[in-house]
Amino acid sequence: MTSSSLTKSALQDIIQWDIENWSRCLPFWEKHIDHSQPKKVLALGEREGGISLYFALNGHDVICSDYNPLPESTVHLHQKYKVADRVSYQALDMKAINLLDESVDIVVFKSVLGALSNTEDQEKALKEIHRVLKKDGIFLFAENLEGSKLHKYLRNKFVKWGKRWRYIKTREMLDWGDAFADKKTETHGVVGLFGRSENQRRKFAGLDRFLTPITPQNWRYILFGAMKK
């Protein structure tokens, strides 16, 4: 079940917030993965379980993980879509992943890295992801970028975690992933996150379809990536 065949409600359950802009990660990832054969997937930072749901719907075996034990609502989400038999649940620290070397085919996360709050831990996480991936395995991500001066100001002023979340730069992510053999990235979004409701964010995302191609990359706030080991 690729992104083009998902229902509106399924897409909402997978992406959850700023859906129009962040859901662009799915067709980007689909250029770099093969859903025809089941793979072992490690999904990090999955408190709500949305990205795990996407991979389970596509027939993969998923380790749905978060730093803290996952709430029952995450399990209920997967049960709702009848994919709970493809999902296991673990509390994992992405800076020290409790899995064997070269033990998974895909590692994936969405909007997680900034929670580590400092460059040292963010770099550790990338090294751990590289370690647990099999040879030719794929690391997929969608992460918050630092963005423009306006993004920085509004996040500090209005986002309750804005001061402790460390927003990254594209160049940093590429440098931290230096051990990967191949790296592809794409940026998107300028005004979508300014919406105060999902309806407003959807309308602003319509503007972003036009603004993204004509604005500097350092004005954009989402980074999509695929790195092959």
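First, a word on scope: everything that follows refers to the structure included in this document. (Residues numbered from 1 in each chain as written. Predicted model: local features only at pLDDT ≥ 70, side-chain atom pairs only at ≥ 80, totals over all residues. Heavy atoms only, no water.)

**Observations regarding the overall build of the protein**
Here is the rule: A run of H or I in DSSP counts as a helix once it spans at least four residues, and a run of E counts as a strand once it spans at least two, with each numbered from the N terminus. Computation of the radius of gyration draws on C-alpha atoms alone. For the globule rule, the value is 2.2 Å times the number of residues to the power 0.38. Accessible area is worked out with a 1.4 Å probe on protein chains only. A residue is then buried under 20% of its type maximum, exposed over 50%, and partly exposed in between. Only heavy atoms enter the contact rule, under which two residues are in contact if any of them lie within 4.5 Å. Here, Shrake-Rupley sampling with a 1.4 Å probe gives the accessible areas, and only protein chains in the shown set may cover a residue.
Within the protein one finds 9 helices and 7 strands. Computed over C-alpha atoms, the radius of gyration of the protein comes to 17 Å, within 12% of the 17 Å expected from 2.2 N^0.38 for 229 residues, which places it in the range of a compact globule. When the backbone C-alpha atoms are referred to their principal axes, the protein occupies close to 40 × 35 × 30 Å. For the protein, with 229 residues in total, the buried portion stands at 52%. Of all intrachain contacts in the protein linking residues separated by at least 6 positions in sequence, the fraction that spans at least 24 positions is 72%. As displayed, the protein has an accessible area near 11400 Å², and 52% of this comes from carbon and sulfur atoms.

**Quick notes on the pairing of strand β3 (residues 87-91)**
Let me state the cut-off plainly: Strands are labelled as partners when DSSP assigns at least two bridges between them. We call a crossover right-handed when, viewed with the strands running away from us, the connection from the first strand over the helix to the second turns clockwise.
Relative to β3, strand β2 (residues 61-66) runs parallel, the two being bridged by 5 bridges. Paired with Ile63 across the two strands is Ser88, which belongs to β3. One crossover worth recording links β2 to the parallel β3 by way of helix α5 (residues 72-80), and it is right-handed.

**Some words on the nonpolar core**
Rule in force here: Remark: nonpolar core denotes a set of buried residues (Ala, Val, Leu, Ile, Met, Phe, Trp, Tyr, Cys) joined through side-chain atoms within 4.5 Å.
Ile14, Leu26, Trp29, Phe55, Val108 and Leu140 are the most contacted members of the largest nonpolar core, which has 36 residues in total. Examining the composition of this core, we find that 6 residues originate from one element, helix α4 (residues 50-57), more than from any other. Not counting residues within four places of it along the chain, the set of residues in contact with Ile14 comprises Leu6, Leu26, Gly50, Ile51, Leu53, Tyr54, Leu57 and Lys110.

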